[in-house]
Amino acid sequence: MCGIVGYVGNKPVLDILLDGLEQLEYRGYDSSGIAVQCKDKINVYKAVGKLKALREELASHAYEISKSTVGIGHIRWATHGAPTVVNAHPHTCNCGKLVLVHNGIIENYKELKAKLEAEGCVFKSQTDTETVAHLVAQKYALTHDLTKAVALAVKEIEGAFALEIMHNDEPNKLVITKRNAPLVIGVAPDEYYAASDIPAFIKHTNKAIYLSDDQIATLTADSLEIIDKNGCKVEPKIELLPWEPVALSKMGYKHFMLKEIHEQPDVIRNILSDKLKSPEENVILDEVKLTKETLRNLNRIQVIACGTSLHAAMIGKYIIEDLCGIPVDVEASSEYIYRKTVTDAHTLVIGVSQSGETADTLTAIKQSKARGSHILIITNRPDSAMAREADSLLSVNAGIEVSVAATKSYIAQLTSFYLLALYMAEIKGTYPVSELTNFKHEMLMLPQKIEQILSNMENIRECARKYSATRDFIYIARGINYPTALEGALKLKEISYINATGYPAGELKHGPIAMLDESMPVLSILMKGAVYEKLLSNSEEAKARNARMIALTNSQDKKLDELFDYIIRVPDVAEYLSPIIAIVPLQLIAYYIAEFLGKDVDQPRNLAKSVTVE
Ligand code: F6R
């Protein structure tokens with residue numbers, strides 16, 4: 001899940017590549033590099049660390065690159081080989097004339113490497129990518145044609161790849177190709193861009209060509225030719241992107257994560273303004289094509305997702321089963337794809353993904369599509385690979401999320417699940433109309449309630465300060481907020497590196513309670529409703545083991561003051577909607593703890609925003 005960018009045209013390439021990589025930094029940030037055509041040779045520059053390090057490295061080479069108008073760049077999230085200069089891309093062949101960048105994983109690289117080494121190739125790095133550089137160079141020695149060489153090489157490669165390749169003997173040309181990894185071409189007069197994602201070039205052009213798997217494009221400043229895997233010419237389909245060049249600014253907030261948490265009320269308003277006009281009207285989901293007939297034929301729903309999106313899906317299960325009476329299974333995509341799943345035309349498969357390109361979820365979707373299931377995709381990226389597989393699309397419209405830790409996209413996914421459940425209940429007639437009206441009325445009040453929390457954050461910040469020195473953190477909840485406990489814990493561990501775990505509170509006494517003592521914070525998500533009293537008893541059990549008790553609650557109950565050392569109160573809310581309210585203070589606790597600990601909040605170590613490797 002690295003990011004790649006390329007340019008061929010008449011403008012100075014350096015800033016185009018560096019700006020492009022900056023926009024792709026969400027895909028990885030452990031090292032980076034570029035290759036540019038300089039007079040009669042291709043120069044390669046690399047650095048370890050964030051893009052800043054590459055910029056510093058390039059400062060002393062600015063003059064030699066200043067006239068270059070063709071180049072490729074890469075930002076890395078290491079999979080094979082540590083983040084070092086040698087392992088950073090671009091990679092080269094033996095003679096250094098062929099240079100390439102790669103996003104993805106070459107699955108048969110060990111076999112290819114052994115063969116290439118036996119044939120005299122000398123490997124410098126530990127990466128899977130370097131095999132492709134040697135392989136294409138070998139084919140080039142036979143064909144003396146870069147496009148043909150790439151076509152021959154990719155036939156021998158297994159796995160996922162987006163590749164951008166240059167060769168010194170064919171200057172001012174880029175050859176690019178892809179399989180199971182994103183690659184899009186930006187089109188402008190006398191210039192072409194090629195990148196893993198649109199933000200890398202949107203400020204230059206809003207015209208794009210999405211390359212399909214196994215197509216190869218050959219780009220020069222004034223020509224573009226695409227062929228398919230049989231070598232047949234493909235007519236390029238230029239699409240107009242629904243994107244504005246957005247300035248990704250923190251708008252005065254210290255971090256994108258804090259800004260994105262604050263955007264959540266407007267994210268909900270924005271979604272509801274299109275899809276839920278008033279409590280008395282039916283939900284409008286234009287791109288969801290589930291008719292009465294389709295719904296009648298459904299036996300069950302499977303929801304597949306990863307990470308935060310998986311937690312949104314778990315809440316979706318509660319609400320769909322409750323409102324629509326359809327059984328729902330939720331499974332991590334990475335588990336789903338490696339077993340014999342029972343999926344057929346009577347199963348609705350829902351894929352949930354902020355990015356729309358998470359490799360495991362994409363593979364799972366393709367598998368279930370092949371078995372005849374209706375595919376519904378809930379995503380923040382209607383232009384993504386997953387959206388292209390969809391029979392029905394629910395676009396969550398959260399806007400670009402920059403911080404690696406997902407916040408506003410989670411709230412948007414939850415809102416979308418509620419709308420989907422209401423929509424299906426309305427079609428199926430499974431719930432009393434008056435109760436659905438109440439539900440919708442409550443939903444419309446959510447933005448104000450979140451604003452109330454955000455306007456009074458001192459208590460939450462203080463709580464974060466008080467517990468920031470802890471090494472471990474436990475979150476407990478029951479019912480619909482059990483996934484909230486998981487999501488709160490995930491937020492904390494990913495940005496503060498504290499060992500945080502969410503448990504269904506009833507499970508504490510089956511093992512985890514052994515860990516409790518006076519050093520362990522236990523945060524109880526105690527929202528009023530069916531399981532309130534039960535969770536109170538579980539909290540008593542934890543208190544009896546001297547744990548440091550924190551409550552997140554919408555209850556004014558005085559007896560909580562005795563039981564808990566710290567209480568965070570949130571506005572009252574109906575139980576079924578409480579996950580949307582409860583997650584906000586948990587996001588803020590994670591944010592402030594990471595901030596107190598001086599962590600890199602927006603770009604935590606070892607993570608990337610888009611996980612395009614299985
Ligand atoms: C956590 C986080 C990840 C993602 C996961 C799935 O804050 O962002 O856990 O939720 O990698 O990504 P998407 O939703 O893009 O499929």
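Sequence order sets the numbering: in each chain, residues are counted from 1 along the sequence as written. The predicted origin of the model limits local features to residues at a pLDDT of at least 70 and limits the giving and counting of side-chain atom pairs to 80 or more, whereas totals for whole chains, interfaces and linings rest on all residues. Heavy atoms throughout the structure, all of them, feed into the side-chain values; hydrogens and water do not.

A. The arrangement of the domain arrangement of the protein chain in detail. Domain start and end points were adopted from an automatic or database domain assignment. On domain assignment, one finds that the protein chain holds domain 1 (3–248), domain 2 (256–452) and domain 3 (458–596). Taken residue by residue, the interface counts 28 residues in domain 2 and 26 residues in domain 3. Where domain 2 abuts domain 3, roughly 2400 Å² becomes buried across the two surfaces, and 76% of that area is made up of carbon and sulfur atoms. Throughout this description, the term salt bridge denotes a Lys or Arg side-chain nitrogen within 4 Å of a carboxyl oxygen of Asp or Glu. Along the contact surface separating domain 2 from domain 3 lie zero salt bridges. Polar here means any residue other than Ala, Val, Leu, Ile, Met, Phe, Trp, Tyr, Cys and Pro, which are nonpolar, and Asp, Glu, Lys and Arg, which are charged; Gly is therefore polar. Of the residues contributing to the side of domain 2 that touches domain 3, the split by class is 18 nonpolar, eight polar and two charged. Throughout, a contact is declared for two residues whenever any of their heavy atoms are within 4.5 Å. Put simply, buried area is the surface a 1.4 Å probe can reach on two separate parts but cannot reach once they are joined, added for both.

B. Broad picture of the sheet that holds strand S2 (residues 31–38). Any two strands with at least two DSSP-identified bridges between them are counted as paired. Only runs of H or I of at least four residues qualify as helices and only runs of E of at least two qualify as strands under DSSP, and these elements are numbered from the N terminus. Here we have eight strands laid out as an open sheet, ordered S3-S2-S4-S1-S10-S9-S11-S15, and antiparallel in their pairing. In this open sheet, the two edge strands, each paired with only one partner strand, are strand S3 (41–48) and strand S15 (239–240). Contacting S2, S3 and strand S4 (70–76), helix H2 (residues 51–59) runs over the sheet at an angle of about 135 degrees to S3. Each axis is a line fitted through C-alpha atoms, taken for helices only over the stretch in contact, and angles between the N-to-C directions span 0 to 180 degrees.

C. The pattern of salt bridges, seen in detail. Tallying each qualifying case throughout the model produces 34 salt bridges. Two residues, Arg 27 and Glu 357, come together in a salt bridge whose shortest N-O distance is 2.8 Å. Of this pair, Arg 27 sits in the loop between helix H1 (13–23) and S2 while Glu 357 sits in the loop between strand S18 (347–353) and helix H12 (359–370); the two residues are 330 residues apart in sequence, bridging distant segments of the chain. The burial state of Arg 27 is the same as that of Glu 357; both residues are buried. A single salt-bridge network, built from bridges that share partners, covers Asp 197, Arg 381 and Asp 383. Only protein chains enter the calculation, and the probe is 1.4 Å; a residue is then buried if its accessible area is under 20% of its type maximum, exposed if over 50%, and partly exposed in between.

D. Structural view of the site of the ligand. Residues are labelled near a given molecule or strand when at least one of their non-hydrogen atoms is within 4 Å of it. For the ligand, the set of nearby residues contains 14 residues, the closest of which are Ser 309, Ser 353, Ser 355, Thr 358 and Glu 494. In protein, a polar contact requires one atom able to donate a hydrogen and another able to accept it; more generally it is a pair of N or O atoms within 3.5 Å, and residues adjacent in sequence count only if both atoms are side-chain atoms. Here an oxygen atom of the ligand sits 2.9 Å away from a polar atom, N or O, in the main chain of Ala 406. A distance of 3.0 Å is found between an oxygen atom of the ligand and a side-chain nitrogen or oxygen belonging to Lys 491. Within the residue set of the shell around the ligand, elements represented by two or more residues are helix H10 (307–324) and helix H18 (482–496). Sort the elements by how many residues they give to the shell around the ligand and H10 lands first, with three residues.

E. Local environment of the pairing of strand S11 (residues 207–210). Two strands pair when backbone bridges link them, and strand S9 (residues 184–188) and S11 are joined in this way by three bridges, in the antiparallel orientation. When the sheet's bridge partners are listed, Ile 185 is paired in S11 with Ile 209. Here S11 runs beside S15; their pairing, made up of two bridges, is antiparallel. Within S15, the position partnered with Lys 207 by the bridge is Leu 240.

F. Fine view of the packing of aromatic side chains. For this analysis, a ring pair means two rings from Phe, Tyr or Trp (six-membered ring only for Trp) whose centres lie within 6.5 Å, classed as stacked if their planes differ by under 30 degrees, edge-to-face if by over 60, and tilted for the remaining angles. Here the structure, examined in full by the defined rule, presents eight aromatic pairs. Seen from their ring centres, Tyr 591 and Tyr 592 are 5.1 Å apart, and the 75 degrees between their planes marks the pair as edge-to-face. An identical accessibility class is assigned to Tyr 591 and Tyr 592; each is buried. Three or more aromatic residues joined by ring pairs form one cluster here, namely Tyr 467, Phe 473, Tyr 475 and Tyr 566. Distance and angle both matter: a charge sits over a ring if NZ of Lys or CZ of Arg is within 6 Å of the ring centre and within 35 degrees of the ring normal. The ring of Tyr 29 is capped by Lys 50, whose NZ or CZ atom sits 5.5 Å from the centre of that ring. Looking at Arg 605, its charged tip hangs above the ring of Tyr 497, at a distance of 3.9 Å from the centre.

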